[in-house]
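As a plain string of letters, each chain reads:
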Amino acid sequence: MKLKIKRFMFTTHLLLESSSTVAMNSLAAEKKARGERVYNLSAGEPELPAHPAVAAAAMKAIYAGKTLYPPVAGIPELRAAAADWMNKTYNTAYEIKNTLVTCGGKFGIFSIIQAFVKPSEEVIIISPYWVSYPAIVRLFGANPVFVNTTEQDGWKINLEKLKSAITPETKMLIINNGSNPTGVLYSRAEMQEILRLAADHNLIVLSDEVYSGLTYDSDYISAAAFLEFQDRVIVVQSCSKHFAMTGWRVGLIFGPESAIKILISIQSQSTTGTSSISQYAALSAIQNAGEIIPQVRITMQERRDVFINTFNQLFETELKKPAAGLYSFFPLSALGVVEKDSVDFCRRALSVGNVALVPGLAFGVEGYLRAAFGANQAELIASLQSLKK
């Protein structure tokens with residue numbers, strides 16, 4: 001008699017969503033692995049080799065045997081250097097006790113929402129938004145509340161619209177200055193007004209500042225530069241964009257000491273911390289920030305200009321240069337097509353033209369596309385030519 005074995009199937013109660021940018025990048029990688037020529041405009045990273053000082057620091061740490069478990073909050077030298085870098089660069093007032101090293105900026109955001117937002121509470125997210133904000137909020141049973149902006153208004157939030165979105169259940173506001181995907185930058189006066197409104201309604205402000213080093217047309221204003229609001233602001237930084245260190249996975253959190261202590265406890269029971277080798281590499285990056293960040297910024301600005309200029313030569317609609325970041329966010333109509341389904345178009349662009357883009361729907365705005373300009377100039381030109389064809 002043949003026994004019938006019932007197969008076990010895993011299910012989850014969590015509201016899980018995959019990252020659209022990661023999904024498109026993965027599809028592009030699969031096509032490339034099959035030997036196809038793929039033009040990848042989906043990956044949000046500055047494609048540059050590690051700076052020699054960063055690579056040398058990592059090798060030195062390996063040969064020095066610095067490969068054991070590091071402190072959960074990060075090696076003291078990196079925490080101190082990071083706080084000093086923030087203070088000198090963005091006029092903040094942090095100490096080592098206000099600083100935490102994480103395995104990437106995304107985990108920093110993840111742990112902050114996990115620590116300070118309860119189920120059924122609300123988190124205000126400005127749209128267009130980075131694709132992971134709503135998914136992380138929902139993952140912990142909270143509710144994302146979207147406040148829309150428009151291209152006509154420069155993708156900037158209207159203070160009255162923001163105020164009207166606040167309810168008794170609102171716990172947190174997420175700000176992404178130097179926004180992914182739009183590259184919008186807020187002025188000092190605008191940032192101060194937003195922070196004052198948050199303070200009036202007793203909101204935690206999670207300020208995602210991972211693109212603060214990639215600003216092209218004006219100075220960057222950190223939410224932590226307003227000392228009167230520092231008791232409610234938590235800043236997330238990252239080595240990925242400033243130092244072209246995406247694969248090293250080093251993020252940084254800055255905030256009140258009481259918040260950092262809670263986040264250290266979460267880290268101790270989850271990731272246990274960040275790779276020791278990556279931390280020594282990040283320490284060298286920050287110690288050489290005055291050289292590395294301008295190099296990365298200038299290179300990315302040159303690539304931005306090549307991307308926008310080439311696009312404007314190939315297509316009839318003229319795009320504006322984003323003020324910060326690594327992306328151009330534009331309507332499908334700029335390509336001369338009448339369709340509005342951004343997901344369907346991205347599938348077709350990858351299938352037919354071998355060009356990987358990210359649909360605007362993933363950022364909360366249908367009818368738009370996001371293209372990254374982190375690749376080298378020749379690749380950007382070839383990508384747009386293939387898209388035009």
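Anything mentioned here points back to the structure above.
About the cut-offs
Residues numbered from 1 in each chain as written. Predicted model: local features only at pLDDT ≥ 70, side-chain atom pairs only at ≥ 80, totals over all residues. Heavy atoms only, no water. Helix = DSSP H or I, 4+ residues; strand = E, 2+ residues; numbered from the N terminus. Buried < 20%, exposed > 50% of the residue type's maximum accessible area, 1.4 Å probe, protein only. Lys, Arg positive; Asp, Glu negative; His and termini not counted. Salt bridge = Lys/Arg side-chain N within 4 Å of Asp/Glu carboxyl O. Axes fitted to C-alpha atoms, helices over the stretch in contact; angles between N-to-C directions. Parallel < 35°, antiparallel > 145°, perpendicular 65-115°, else oblique. Left-handed = near helix turned anticlockwise from the far one by under 90°. Contact = heavy atoms within 4.5 Å. Nonpolar A, V, L, I, M, F, W, Y, C, P; charged D, E, K, R; others polar. Pairing = 2+ DSSP bridges.

A. A look at the side chain of Arg-232. Inspection of the secondary structure assignment puts Arg-232 in the loop between β6 (204-208) and β7 (233-238). The charged side chain of Arg-232 is buried without a salt bridge, its nearest counter-charge being Asp-231 at 4.3 Å.

B. Fine view of the packing of helix α2 (residues 52-63) against helix α10 (residues 276-287). Following both chains from N to C, one finds α2 and α10 inclined at 140 degrees, their axes separated by 8 Å at the closest point. Judged by the angle between their axes, α2 and α10 are oblique. When you trace α2 past α10, the crossing you get is right-handed. Judged by residue contacts, Ala-53, Val-54, Ala-57, Ala-58, Ala-61 and Ile-62 of α2 engage Ile-277, Tyr-280, Ala-281, Ser-284 and Ala-285 from α10. For the contact of α2 with α10, a count of residues per class yields 10 nonpolar, 1 polar and no charged.

C. Representation of unusual backbone geometry. For the bond from Ser-127 to Pro-128, the omega torsion is 5 degrees, close enough to zero to count as cis. Position of Pro-128 among the secondary structure elements: in the loop between β3 (122-127) and α5 (132-139). With an omega dihedral of 25 degrees, the bond running from Asn-180 to Pro-181 counts as a cis peptide bond. Among the structural elements, Pro-181 can be located in the loop between β5 (170-175) and α7 (188-200).

D. Representation of the sheet that holds strand β11 (residues 358-359) within the structure. Taken together, 3 strands build an open sheet; the order of strands is β9-β12-β11 and the sheet is antiparallel. Across the chains shown, the open sheet's two edge strands, defined by having one partner strand only, are β9 (327-331) and β11. Relative to strand β12 (residues 368-372), β9 runs antiparallel, the two being bridged by 5 bridges. By the bridge assignment for β12, Phe-329 is matched with Arg-370.

E. Representation of the pattern of salt bridges. This model, assessed by the stated rule, comprises 11 salt bridges. Measuring nitrogen to oxygen at the nearest pair gives 3.9 Å for the salt bridge that ties Lys-97 to Glu-257. Taken together, the residues span a long stretch of sequence, with Lys-97 in the loop between α3 (76-90) and β2 (99-102) and Glu-257 in helix α9 (residues 257-268) at a distance of 160 residues. On the basis of relative accessible area, Lys-97 is assigned to the partly exposed category, the value being 36%. On the accessibility criterion, Glu-257 (31% relative accessible area) is partly exposed. In this structure, Lys-321 engages Asp-305 in a salt bridge whose closest nitrogen and oxygen atoms are separated by 3.5 Å. Taken as a pair, Lys-321 in the loop between α11 (289-314) and β9 and Asp-305 in helix α11 lie far apart in primary sequence, 16 residues in all.

F. Up close: the sheet that holds strand β4 (residues 143-148). If you trace the 7 strands from one edge of the open sheet to the other, you get β2-β8-β7-β6-β5-β3-β4, paired in mixed fashion. Sheet topology places β2 and β4 at the edges, where each strand pairs with a single neighbour. For this sheet the average axis-to-axis angle between neighbouring strands, irrespective of direction, equals 25 degrees. The pairing of β5 with β6 spans 4 bridges and is parallel. Along β6, the bridge assignment pairs Ile-175 with Ser-207. Sheet contacts for α3: β2, β7 and β8 (251-254); angle to β2, the most-contacted strand, approximately 115 degrees.

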